Amino acid sequence: MATQPAQPIQVPKPKKAFIRRFAPDRSQRTRHIVQGLFLVLNAWLGLQFYLWARYFEHGGVGPSVARPAGVEGWLPIAGLMNTKYLLLTGRVPQIHPAAMFLFIGFMLMSLFLKKAFCSWLCPVGTFSEFLWKIGRRIFGRNLRLPRWFDIALRSLKYVLLGLFVAVIGAMSAAALEDFMATPYGLVADVKMLNFFRNIGITAAVVIGLLMLLSMLVQNFWCRYLCPYGALMGLASLFSPVKIRRDQDACIDCGKCAKACPAGLAVDKLVQIRSVECTACMECVAVCSTQDALQFALPRRRAGAPAERWCRRVLTPLAVCGVIAYIFFGLVLFARATNHWQTILPQSVYMQLVPRANQLTHPGM
Ligand code: SF4
Ligand code: SF4
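The model shown is predicted, which means the values in this text are computed figures rather than measured ones.

The rules we used
- Residues numbered from 1 in each chain as written.
- Chains lettered and ligands numbered in written order.
- Predicted model: local features only at pLDDT ≥ 70, side-chain atom pairs only at ≥ 80, totals over all residues.
- Heavy atoms only, no water.
- Near = heavy atom within 4 Å.
- 1 Å grid on protein atoms, 1.4 Å probe; cavity = no way out; pocket = protein on both sides within 12 Å on 5 of 7 lines; lining within 4 Å.
- Sits in = over half its atoms within 2 Å of the grid points.
- Nonpolar A, V, L, I, M, F, W, Y, C, P; charged D, E, K, R; others polar.
- Points joined across faces, edges and corners; volume = space filled by probe spheres on them.
- Helix = DSSP H or I, 4+ residues; strand = E, 2+ residues; numbered from the N terminus.
- Patch = residues over 30% accessible without salt bridge, like charges linked within 9 Å, V, L, I, M, F, W, Y side chains within 5 Å.
- Areas by Shrake-Rupley, 256 points an atom, 1.4 Å probe, with all protein chains shown as cover.
- Salt bridge = Lys/Arg side-chain N within 4 Å of Asp/Glu carboxyl O.
- Buried < 20%, exposed > 50% of the residue type's maximum accessible area, 1.4 Å probe, protein only.
- Axes fitted to C-alpha atoms, helices over the stretch in contact; angles between N-to-C directions.
- Parallel < 35°, antiparallel > 145°, perpendicular 65-115°, else oblique.
- Contact = heavy atoms within 4.5 Å.

As a further point, take the site of ligand 1. Neighbouring ligand 1 are I243, C260, P261, L264, V266, C277, T278, A279, C280, M281, E282 and C283. The cavity that encloses ligand 1 is the largest cavity. Here the shell around ligand 1 is built from residues that sort into 10 nonpolar, 1 polar and 1 charged.

Tallied over the entire structure, the rule returns 2 cavities of 30 Å³ or more. Space inside the largest cavity adds up to approximately 300 Å³. Along the wall of the largest cavity there are 26 residues; nearest its centre are N219, P261, A262, E276 and T278. At the level of elements, α4 (116-121), α5 (123-139), α11 (220-224) and α14 (282-286) are the ones that each hand at least two residues to the lining of the largest cavity. The biggest single contributor to the lining of the largest cavity is α5, with 3 residues. Of the residues in the lining of the largest cavity, the class split is 15 nonpolar, 5 polar and 6 charged. Empty space within the second largest cavity amounts to approximately 90 Å³. Lining the second largest cavity we find 13 residues, and of these C250, C253, C256, C287 and A292 sit closest to its centre. Looking at side-chain class alone, the lining of the second largest cavity contains 7 nonpolar, 2 polar and 4 charged residues.

Here we take up the site of ligand 2. If you check the shell around ligand 2, you find R245, C250, I251, D252, C253, G254, K255, C256, D267, C287, T289 and L293 and nothing else. According to the grid-proximity analysis, the pocket containing ligand 2 is the second largest cavity.

The next point concerns a nonpolar patch on the surface. Together, F127, F130, I134, I138, F139, F195, F196, I199, I207 and M211 line one region of the surface with nonpolar side chains, adding up to about 900 Å² of accessible area. In terms of residues, the nonpolar patch owes the most to one element, α5, which gives 5 residues. Relative to the assigned elements, I207 resides in helix α10 (residues 201-216). The partly exposed category is assigned to I207, whose relative accessible area is 31%.

Orientation of helix α1 (residues 27-57) relative to helix α16 (residues 316-336), taken along the N-to-C sense of each, is 25 degrees, at an axis distance of 9 Å. Judged by the angle between their axes, α1 and α16 are roughly parallel. Packed against α1, whose contacting residues are S27, T30, V34, F38 and L41, the element α16 presents P316, L317, C320 and F327 at the interface.

Spelled out as structure tokens, the structure:
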């Protein structure tokens, strides 16, 4: 009689012990407070800039306020151009220097804290998050696009980034300086204000469509179209602090992956290298297992999970501290060295601000 081949015996994996997290999570409350404060700061800057521009539009009649240089944070292309100018010449540019300091600051944040700028500071990121949360309430869930379509769409932001980098990369220091000194370059910030003040039908339809898509798909603009976020994502690859999972402590419940707005497989990986991770810590917030998931430096090798994470974890307050240190450090440095403000005679603004809408890009 022929003998049957021996079947391998399936040994069930031992169930890991669930140890409930000792302290409640405060990451989301802390992050939302920081988002709110930055939103208020931007609203304040926007209002002050509006009043400044109105003064010149009314021919110097009415209350005069100082130009808030912080609005240049909304000029990332000027920031990129000026950073290149600084690298080529070693000189701080005269026009829109604050754009450069803020650009460098946000890049440094990405180098140390993944794309924390996107989920902790950026007003567009905050608004996007608000929209998908509203969308989830209305429709019961957000859409997850098929993987092939998601990857194809994600490449769009790199195409846009590539276009900017190619154009700016081909410019010499003299060309960069000349561009900034054109009437268009001098009042690029006023043009941006006018874009939102006198929004046309086409722009309104596009923005409306993007808002609708952002309600359906989490962070639609940030994930697929934002070239600034694409650049920060590339910088974030070097971040020593990442979302890290301890396989010994993790009970494989999958809650973290479900909560991740970037759709990352947090429950399967030991560290999240992805350029899409915005350090929002939503995954950490939902993980109820002690020492399983952290926003942390690489852990120590030996010992129990608690010992491995010792002095490696960034608490939400520590994240705030690093963000504040970089942001206020650079702003104060620029102010102390008299490199924060664009210093132009009032007569130049008196001439250019009222006719900012007629000024076209020098390359057109
Ligand atoms: S991995 Fe965590 S921190 Fe990164 S985007 Fe997803 S939820 Fe946010
Ligand atoms: S939430 Fe994620 S990290 Fe935490 S126990 Fe569940 S699978 Fe593991």
